[in-house]
Amino acid sequence: MNMTSVEKGFDVLAAQRRCLEYRQRILAISQQVAALHVAPAFSCLEMVDLIYHGLMRVVEEGVSPRFLDSFLMSKGHGCLSQYVILEKFGILEKADLQNYCTPAGKLGAHPDYGVPGIEASTGSLGHGMGIATGMAYGDRIKGDARHVFVVLSDGELQEGSTWEAIMMAANLNLSNLIAFVDLNDFGGLARMSEGHPAFYPVLDKIRAFGWEAIEVNGHDARAMYEGLQNRSRKRPFMIVGKTVKGKGVSYMEHVPIWHYRSPNKEEYAQALAELKEVSS
Amino acid sequence: MFADTFYEAGTRENRLAVVVADISPAGSIQKFREDFPERFVNTGVSEQIMIGMCAGMALRGLRPFAYTIATFTLFRPFEFVRDDLCYQNLPVTVVGIGGGVTYSTLGGTHHAMEDVAVASAIPNLSIIAPCDPAETKAATLWCVEQTRGPVYLRLGKAGEPNLTEQAESWSFGKLRYLQKGDDVCIFSYGPIMKLALQVAAFCEQKGQSVSLVSTHTLKPLDREGIAEALAHHKRAIVIEECVPRGGLAGQVKEIACDERSDCRVDAFTLRDEFIHCYGSHADLLSAHGLNLEAISMKLELV
């Protein structure tokens, strides 16, 4: 169970360059069609990038690669971050993204099982963790040494079903299950910290439910990667990543409307101007 | 019978697993748990994760059965059955024990009066409601082998009598004649088949030649078989332990209408009502107007 690519090292600067490119690509798609969730994709982008480029084991077969480990985008509305990465790997084609949310294409605003690279249909919140728990348990009893990675939103931690799964994964000691929480502080309506102060602290709650967990900056790939390397590998592991909704575009950051809205021409130009180069 | 069959199948099919939500594993399920501890999961009183885990396990090639009281396998985690199992079309069997008003002393919270109606509305979900232990065995074995998608397997409770020993063999999606006649055709499914047998005997006493049909597969329904039965008989009687809308009765009437059938269709179902009554299963059914006396009066057989 120990031989995953977690051990192979992770080039953080390359990750930052990729994420810049991914943000530009997502914004380009936003100019084709209005129906998308830009800001929730931006808040979890570094997590999804780390999972695909740093954690999932990949086999090159024919034209497009295949992953040996699994990833579930439990916060299905963040799936643009997944689509652009699957495009980069050649699992989705450019035409798939060009036809996003149109009858000619196969990609919708939530991931759909059966689409290349998509392992579960999500979108309704609170489902991914349960499916991931069943997958990780299935792998264990079949003796398959794989990992299941899942990205959750903070809003999903308001769903009772998520806590049922968190508790059950700990009961079953599923050390092959690794979750990331995109703690961007926003539901669709308002700041969690204002409307639901009892939601915090999150980290203590996760630990109290039997998981090993750390809280880091969810845009800091190095911190997330090092946290994963240092985990005990004896229990399910969660990274509670504090993030910024709309990260990378100043007028989107912490502004709820960007959960749904697409930028107009001027806003698009401004966003591209802000996403010119890696800062650090 | 379900538990015995499941255990036996589990000894030769190592993909078979059962996920229960704090239901006491009676009989052979307990034996399955002891012999195959990894393939038995108890999620506790957590039905959403019971269904979610079944989905994940099915995605890994296992054949999970979710198993608890019908209200808790279907109603409580309804959206998980819909999204995780049906939308993704995964071969998971959702076992609902105590379908209808079987748990007759436990009150309305434990009565799955609408289970067939609710389950029928979801695309991809097959529904099987065996009427006796022999059908339960055949249906369970089919569920173990099948790959078409999710199934709602609606059971009564243990200890039901065998009613179908003389019948033709069981086949998924096909009507099953327990007896064949020419005048009246009675359609029923599930444990209330006992009452259907009494009604059949009553009609025979009145000089009618009676067919009795187990409509064990409610979805996909054998529409062709029902159309043929309506063409062959002068009268049809539906007896079902389900609310009046969304179950078998309305579908038989719909087929009769579509076929422009001359066959008269009488339906006897649970009432569209929560009845606060406690007693035997028969007492509960009587409270809903489902006993021989009430039905025979309404049949107007001279």
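Shown above is the structure to which this text applies.
The sections below set out a description of the structure shown in this document. (Residues numbered from 1 in each chain as written. Chains lettered and ligands numbered in written order. Predicted model: local features only at pLDDT ≥ 70, side-chain atom pairs only at ≥ 80, totals over all residues. Heavy atoms only, no water.)

### Notes on the sheet that holds strand 3 (residues 63-69) of chain B
Residue and element names in this part refer to chain B.
Next, step 1: If you walk across this open sheet you meet the seven strands as 2-1-3-4-6-5-10, and the pairing is mixed. Among the strands making up the open sheet, the edge pair consists of strand 2 (40-42) and strand 10 (217-219). On average, adjacent strands in this sheet sit at an angle of 20 degrees to one another, irrespective of strand direction.
Next, step 2: Note that strand 5 (residues 126-128) and strand 6 (residues 151-154) share three bridges and pair parallel. Along strand 6, the bridge assignment pairs serine 126 with valine 151. (Pairing = 2+ DSSP bridges. Helix = DSSP H or I, 4+ residues; strand = E, 2+ residues; numbered from the N terminus. Axes fitted to C-alpha atoms, helices over the stretch in contact; angles between N-to-C directions.)

### Quick word on the side chain of Thr68(B)
Residues and elements named next belong to chain B.
Next, step 1: If you trace the backbone, threonine 68 turns up in strand 3.
Next, step 2: On the basis of relative accessible area, threonine 68 is assigned to the buried category, the value being 2%.
Next, step 3: With sequence-adjacent residues up to four places away left out, threonine 68 is seen in contact with Ala21, Ile23, Met50, Thr73, Val95, Gly96 and Ile97. (Buried < 20%, exposed > 50% of the residue type's maximum accessible area, 1.4 Å probe, protein only. Contact = heavy atoms within 4.5 Å.)

### Topic: unusual backbone geometry
Residue and element names in this part refer to chain A.
Next, step 1: Here the bond from tyrosine 200 into proline 201 is cis, since omega is 0 degrees, no more than 30 degrees from zero.
Next, step 2: Of note in this structure, asparagine 173 is not a glycine but carries a positive phi near 50 degrees.
Next, step 3: Among the secondary structure elements, asparagine 173 is positioned in the loop between helix 7 (160-171) and strand 5 (177-183).
Next, step 4: Unlike most non-glycine residues, histidine 254 shows phi in positive territory, near 65 degrees.
Next, step 5: Note on placement: histidine 254 falls in the loop between strand 7 (237-242) and helix 11 (265-274).

### As for the packing of aromatic side chains
Residue and element names in this part refer to chain A.
Next, step 1: Under the criterion given, the structure shown has 17 aromatic pairs over all chains.
Next, step 2: Aromatic side chains tryptophan 163 and phenylalanine 209 sit 4.8 Å apart centroid to centroid with 55 degrees between the ring planes, which places their arrangement in the tilted category. Linking tryptophan 163 in helix 7 with phenylalanine 209 in the loop between helix 9 (202-208) and strand 6 (212-217), this pair joins segments that are 46 residues apart in sequence.
Next, step 3: For tryptophan 163, a relative accessible area of 16% puts it in the buried group. (Phe/Tyr/Trp six-rings, centres within 6.5 Å; stacked < 30°, edge-to-face > 60°.)

### Focus on the interface of chain B and chain A
Next, step 1: Opposite the 27 residues of chain B that make contact, chain A presents 27 residues.
Next, step 2: Between chain B and chain A lies a buried interface of about 2,100 Å² when both sides are counted; carbon and sulfur atoms form 60% of it.
Next, step 3: On the chain B side of the contact with chain A, Ile49(B), Arg60(B) and Gln88(B) bury the most area, a combined 33% of that side's loss.
Next, step 4: Here chain B is connected to chain A by one salt bridge.
Next, step 5: At the junction of chain B and chain A, the tally comes to 11 residue pairs in polar contact (both at pLDDT 80 or more).
Next, step 6: Elements that contribute at least two residues to the side of chain B that touches chain A include exactly strand 2, helix 3 (47-59) and helix 5 (78-87) of chain B.
Next, step 7: Considering each element in turn, the side of chain B that touches chain A owes the most residues, nine residues, to helix 3 of chain B.
Next, step 8: A class-by-class count of the residues in the side of chain B that touches chain A yields 12 nonpolar, eight polar and seven charged. (Buried area = accessible area lost by both parts, 1.4 Å probe. Salt bridge = Lys/Arg side-chain N within 4 Å of Asp/Glu carboxyl O. Polar contact = N/O pair within 3.5 Å; in protein donor to acceptor, adjacent residues only side chain to side chain. Nonpolar A, V, L, I, M, F, W, Y, C, P; charged D, E, K, R; others polar.)

### Section: helix 7 of chain A
Residue and element names in this part refer to chain A.
Next, step 1: With 12 residues, helix 7 ought to run about 16 Å at 1.5 Å a step, and its terminal C-alpha atoms sit 17 Å apart, in line with that.
Next, step 2: Counting buried positions along helix 7 gives nine out of 12 residues, so the element sits mostly inside the fold.
Next, step 3: Directly after helix 7, the chain includes asparagine 173, whose backbone phi takes a positive value near 50 degrees. (Expected span 1.5 Å × (residues − 1).)

### Focus on the state of the cysteines
Next, step 1: Taken as a whole and assessed by the stated rule, the structure comprises zero disulfides over all chains.
Next, step 2: Cys101(A) takes part in no disulfide bond, and the closest cysteine sulfur, belonging to Cys79(A), lies 7.9 Å away.
Next, step 3: In this model Cys54(B) remains outside any disulfide bridge; the closest cysteine sulfur is found in Cys86(B), 12 Å from its own. (Disulfide = S-S within 2.5 Å.)

### Remarks on the pairing of strand 6 of chain B
Residues and elements named next belong to chain B.
Next, step 1: Here strand 6 shows two buried faces, one formed by Val151 and Leu153 and the other by Tyr152 and Arg154.
Next, step 2: Pairing between strand 4 (residues 93-97) and strand 6: four bridges, direction parallel. Residue threonine 93 lies in a different strand from strand 6, and its bridge partner there is valine 151.
Next, step 3: For the crossover that starts at strand 5, traverses helix 7 (residues 133-145) and ends in the parallel strand 6, the hand is right-handed. (Right-handed = clockwise from strand over helix to strand, strands pointing away.)

By themselves, these are just geometric observations and shouldn't be taken as functional.
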